[in-house]
Each structure stands twice: as structure tokens, then as C-alpha cells.
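Single-letter residue listing:
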Amino acid sequence: MSCQHDYTGVDPAIAQLADLFHLLGDPTRLRIVLACVAAPIAVSDIATSLELSSSLVSHHLRLLRAARIVKSERQGKQVFYSAADAHISDVLNDMLEHIAEPANGNEA
């Protein structure tokens, strides 16, 4: 997975993590991943629920799958997508909880 950034001299793990956050930084991709967290879901269902075209959803899913953020499973003629593993679900759920917390006044 490479988003064509110049990571010269950067630890490869840090570069990979930066690319992962870059992918998740796109609101459309993030909405797609969140749609895949609860249960496996078909491309057409993602597109309908997010009011996006199936081709756009498929494009984003290809990028997310290449980055191992989502995984796919074919069932008959349909392909269902889900979060790649518990790490992805946990990170997203933790961040959603974090932003839902009230500010405690300790900001600098």
C-alpha cells in the first residue's frame, strides 16, 4: 500500500501507519469502513445506505482491501465486505468513543 508520499528516511512501519491513516482520513472511505464494521455487507447495500454509486464504493473498497482495512468474502454472485480484523473495529470504536467524550477543560 503506497499513497505516493515521500517517506525517505522514515521507519517503514511509521510510513505504513501514515498511509493507513491517510486512507481513513477520507470521509467517504471512513463511512464505507464503518458500514463494514457491524457485519459483512454487500457493495450494493453499502452504496444504497451511503447514497453513493456502486462503482465509487467498489473503487474505495479496492484501496481499503489492499491496505488490509477490509476483507472480502464471495457468497454466490455477491461479495461481502467486513472489517479485516478486530484491530480495525477496535481502533474505530475507540476513536468514536473518544470524540463522544465531553471536553474536560484540560486543553492547553
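The structure under discussion appears in the preceding block.
A brief structural summary.

### Quick word on helix α4 (residues 54-66)
Okay, step 1: Here α4 is 13 residues long and its end C-alpha atoms lie 18 Å apart, about the 18 Å a rise of 1.5 Å per residue gives.
Okay, step 2: Those residues of α4 lying buried are Val57, His60, Leu61 and Leu64. Take α4 and look down its axis: the buried residues cluster within an arc of 105°, on one side only. Exposed and oriented more than 90 degrees from the buried face of α4 are Ser55, Arg62 and Ala66.
Okay, step 3: Check the buried side of α4 and you find it contacts α2 (27-37), α3 (43-50), β2 (70-75) and β3 (78-83).
Okay, step 4: Phi for Arg68, located one or two positions after α4, is positive at around 60°.

### What to know about the layout of surface pockets
Okay, step 1: There is about 300 Å³ of room inside the largest pocket.
Okay, step 2: Surrounding the largest pocket, 14 residues form its lining, Leu17, Leu20, Ala67, Arg68 and Ile88 being those nearest its centre.
Okay, step 3: Put simply, the parts of the chain that give the lining of the largest pocket at least two residues each are α1 (12-24) and α5 (86-100).
Okay, step 4: For the lining of the largest pocket, the leading source of residues is α1, giving five residues.
Okay, step 5: Here the lining of the largest pocket is composed, by residue class, of ten nonpolar, two polar and two charged.
Okay, step 6: The space that makes up the second largest pocket amounts to roughly 190 Å³.
Okay, step 7: As for the second largest pocket, its lining consists of Phe21, Leu24, Leu30, Leu34, Val91, Leu92, Met95, Leu96 and Ile99.

### Remarks on the packing of α2 against α4
Helix-helix packing is characterised by the crossing angle of the two axes and by the distance between the axes.
Okay, step 1: Running from N to C, α2 and α4 point in directions that differ by 80°, and their axes come no closer than 10 Å. The angle between the axes of α2 and α4 places the two elements in the roughly perpendicular class. Each of Thr28, Arg29, Ile32, Val33 and Cys36 in α2 lies in contact with α4, whose residues at this interface are Val57, His60, Leu61, Leu63 and Leu64.
Okay, step 2: Across the contact of α2 with α4, the residue classes tally to seven nonpolar, two polar and one charged.

### Description of the side chain of His60
Okay, step 1: By the element assignment, His60 lies in helix α4.
Okay, step 2: When near neighbours in sequence (up to four residues on either side) are disregarded, His60 contacts Asp26, Thr28, Arg29 and Ile32.

What counts and what doesn't
- Residues numbered from 1 in each chain as written.
- Predicted model: local features only at pLDDT ≥ 70, side-chain atom pairs only at ≥ 80, totals over all residues.
- Heavy atoms only, no water.
- Helix = DSSP H or I, 4+ residues; strand = E, 2+ residues; numbered from the N terminus.
- Expected span 1.5 Å × (residues − 1).
- Buried < 20%, exposed > 50% of the residue type's maximum accessible area, 1.4 Å probe, protein only.
- Arc of directions from axis to C-beta.
- Contact = heavy atoms within 4.5 Å.
- 1 Å grid on protein atoms, 1.4 Å probe; cavity = no way out; pocket = protein on both sides within 12 Å on 5 of 7 lines; lining within 4 Å.
- Points joined across faces, edges and corners; volume = space filled by probe spheres on them.
- Nonpolar A, V, L, I, M, F, W, Y, C, P; charged D, E, K, R; others polar.
- Axes fitted to C-alpha atoms, helices over the stretch in contact; angles between N-to-C directions.
- Parallel < 35°, antiparallel > 145°, perpendicular 65-115°, else oblique.

Any functional reading would require information that these geometric values do not contain.
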